[in-house]
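The residues making up each chain are set out below.
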Amino acid sequence: MAKKTRTSGASQRYAYMKQRITKMQGKAKAFGFLYLLATIALAALACMPLIIWEESIGVKLGVMEFWTVFTKLGEGIQGKELELIVAVIYGLMLFALVVNVLRSVFKLGWLFKKKASRLYGFNRNMYAMDDMGRRFSSSFAVIVCAHFLLMLILGEGTLQPTAFVALGVGVFFHFACGIPAGNVSLFNTENGVIEQRRELGNFSPFVRNLFQLIIVAGVAYFFLGCAQIRSTLDLLLAENGLTDLMADPLALITPALHLLILVLWIGMVYYATGTIEFDPDGAEAAGRKRFLALSVLLLLCAGGAFAYGQFVAQTAVHQNVIIITAIALVAVVLELVLIKCPKEETENLDEVDSGAYLTENYDKPGVYINSAAVNAPDFGYPAEVNARRK
């Protein structure tokens, strides 16, 4: 029977560690590349008109035609203000999408790195995956927000099949890549090599994020029917519009509150389509309470718009404002109830697989390897474990 040696124990730990690093880097490469493909797909879809308006606005959406309005500015800007606003919004959206695609492409070098770095260790692949995930989320959010702004300005239009495809691509990759990407481990090399595995469940982040997307969609649907953005813009663009608006400052309170609702909604979209909910740190992740803060502010703004119109201005308040207030209240309650989720998964610590048993750092999940451990007797286990083994 072959005698076990310190070298064989160290070799087993080394082989297991190398296998874990290779596996996590492989996952990071796969999800990062999928994020890149999804980012490119969203950019390509946004180059086509996603919404068609029956009423002619003097400018056609689409990468081949939106810019033609700028060629007419030599004739003067009078009467072309609305066309110019639409073209600028669409152009800024396309610019943001191109930037996101380029930034994702530039991360391919890190994504497919095979060698370790003295500064970043084995984690460059994971960092690149995270950055590419943020670029995808940014593209998804900017498409949604830009077209919502266009609908507020131009009125509700007809959604084209490409719009549903873009939404489907965005939502699918948001969950299909976001959830498993949050399970990819990092490796701490400050004191040996320790695998930092995810110790949190995935179900509650999925539920929380699904609620957030539904809330964002609900606010958007009802806000379209009551927003005073377009009417205020028409007054502003009219002759002596600014003077007429400033003549009655109190009349600007409701439009100002609606503008704040729009800004808060955009912030909620960026959070709901982002990757914070899937962060391995769970409830302790940076920015985790941002959606709760935005929901509270939305509740105050929507409730304030209703209270001002009902009790101060004493004018008829659109029922959609009340519905938005109720949605914001539901969002606050849900966030408070689920604020501590996801919770750490529990397991029977006495039962581990053979690979983990050979490489465990006693009471911490992961792998611990350094020169002292390799040269120490009894396979480099801590003294407490050696005492039990003997």
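Residues numbered from 1 in each chain as written. Predicted model: local features only at pLDDT ≥ 70, side-chain atom pairs only at ≥ 80, totals over all residues. Heavy atoms only, no water.

K.L.:
It is not clear to me how the pattern of salt bridges should be interpreted in this structure. Could you clarify?
P.N.:
A pair can form between side chains of opposite charge whenever their charged atoms are brought close. Enumeration according to the criterion identifies 7 salt bridges in this entry. Its salt-bridge partner being Arg20, residue Glu195 comes within 2.7 Å of it at the nearest N-O pair. Residue Glu195 is located in strand β4 (residues 194-196), and its partner Arg20 is located in helix α1 (residues 6-46); the two are separated by 175 residues in the primary sequence. Across the pair Glu277 and Arg208 runs a salt bridge, and its minimum N-O distance is 2.8 Å. Taken together, the residues span a long stretch of sequence, with Glu277 in the loop between α9 (253-272) and α10 (290-312) and Arg208 in helix α6 (residues 203-224) at a distance of 69 residues. Across the pair, exposure class does not vary: Glu277 and Arg208 are buried alike. Bridged by salt links that share partners, the residues Arg208, Glu277, Arg288 and Glu335 form one connected network. (Salt bridge = Lys/Arg side-chain N within 4 Å of Asp/Glu carboxyl O. Helix = DSSP H or I, 4+ residues; strand = E, 2+ residues; numbered from the N terminus. Buried < 20%, exposed > 50% of the residue type's maximum accessible area, 1.4 Å probe, protein only.)

K.L.:
Quick question: what am I supposed to make of the packing of helix α4 (residues 124-154) against helix α7 (residues 229-237) here?
P.N.:
Relative placement of two packed helices is described by the angle separating their axes and the distance separating the axes. At their nearest, the axes of α4 and α7 sit 7 Å apart, and the two run at 65° to each other. Residues Leu152, Ile153 and Leu154 of α4 pack against Ile229, Arg230 and Leu233 of α7. Residue composition of the contact of α4 with α7, by class: 5 nonpolar, no polar and 1 charged. (Axes fitted to C-alpha atoms, helices over the stretch in contact; angles between N-to-C directions. Contact = heavy atoms within 4.5 Å. Nonpolar A, V, L, I, M, F, W, Y, C, P; charged D, E, K, R; others polar.)

K.L.:
Looking at this structure, how should I read α6?
P.N.:
Every α-helix winds through 3.6 residues per turn, so residues three or four apart in the chain are directed the same way. With 22 residues, α6 should cover 32 Å at 1.5 Å per step; its first-to-last C-alpha distance of 32 Å lies within 8% of that length. Considering only its buried residues, α6 is in contact with α4, α5 (161-181), α9, α10 and α11 (319-337). (Expected span 1.5 Å × (residues − 1).)

K.L.:
Would you mind going over the environment of Ala146 with me for this structure?
P.N.:
Position of Ala146 relative to the elements: it lies in helix α4. Taking the relative accessible area as the measure of exposure, Ala146 reaches 7% and is therefore buried. Considered as a pair, Ala146 and Met93 are 53 residues apart in the sequence and their alpha carbons are 6.4 Å apart. In this structure Ala146 touches Ile89 and Met93, once residues within four positions along its chain are discounted.

K.L.:
Would you mind going over a nonpolar patch on the surface with me for this structure?
P.N.:
A cluster of nonpolar side chains, Trp67, Phe70, Leu73, Ile77, Val88 and Leu92, forms an exposed patch at the surface whose accessible area comes to about 530 Å². Along the chain, Phe70 turns up in the loop between β1 (51-52) and α2 (81-106). Phe70 sits in the partly exposed class, given a relative accessible area of 35%. (Patch = residues over 30% accessible without salt bridge, like charges linked within 9 Å, V, L, I, M, F, W, Y side chains within 5 Å. Areas by Shrake-Rupley, 256 points an atom, 1.4 Å probe, with all protein chains shown as cover.)

K.L.:
So what exactly am I meant to see when it comes to the side chain of Glu335 here?
P.N.:
The topology assignment puts Glu335 in helix α11. Discounting residues that sit within four places of it in the chain, Glu335 has contacts with Arg208, Gln212, Phe291 and Leu292.

K.L.:
Looking at this model, I keep getting lost on the packing of α10 against α11. Mind explaining?
P.N.:
The N-to-C vectors of α10 and α11 enclose an angle of 155°; their axes lie 8 Å apart at closest approach. One way to sum up the angle between α10 and α11 is to call them roughly antiparallel. Read as a crossing pair, α10 and α11 show a hand that is left-handed. Here α10 contributes Phe291, Leu292, Ser295, Val296, Leu298, Leu299, Ala302, Gly303, Ala305 and Phe306 to the contact with α11, which in turn contributes Val321, Ile322, Ile324, Thr325, Ala328, Leu329, Ala331, Val332, Glu335 and Leu336. Partitioning the contact of α10 with α11 into residue classes produces 16 nonpolar, 3 polar and 1 charged. (Parallel < 35°, antiparallel > 145°, perpendicular 65-115°, else oblique. Left-handed = near helix turned anticlockwise from the far one by under 90°.)

K.L.:
How do you make sense of the packing of aromatic side chains when you look at a structure like this?
P.N.:
Given two aromatic rings, one states the distance between the centres and the angle between the planes to describe the pair. A complete count under the given rule lists 14 aromatic pairs for this structure. Between Phe148 and Trp265, the aromatic rings sit 4.2 Å apart at their centres with planes inclined by 35°, giving tilted as the arrangement. Taken as a pair, Phe148 in helix α4 and Trp265 in helix α9 lie far apart in primary sequence, 117 residues in all. Trp265 carries the same exposure label as Phe148, and that label is buried. Here the aromatic rings of Tyr221 and Phe222 are separated by 5.1 Å at their centres, their planes lie at 85°, and the arrangement is edge-to-face. Tyr221 sits in the exposed class, given a relative accessible area of 62%. Residue class for Phe222 comes out partly exposed when judged on its relative accessible area of 22%. Feature note: the residues Tyr35, Phe136 and Phe140 constitute an aromatic cluster, connected by ring pairs. Here the basic side chain of Lys107 rests over the ring of Trp110, its NZ or CZ set 5.4 Å away from the ring centre. (Phe/Tyr/Trp six-rings, centres within 6.5 Å; stacked < 30°, edge-to-face > 60°. Lys NZ or Arg CZ within 6 Å of the ring centre and 35° of its normal.)

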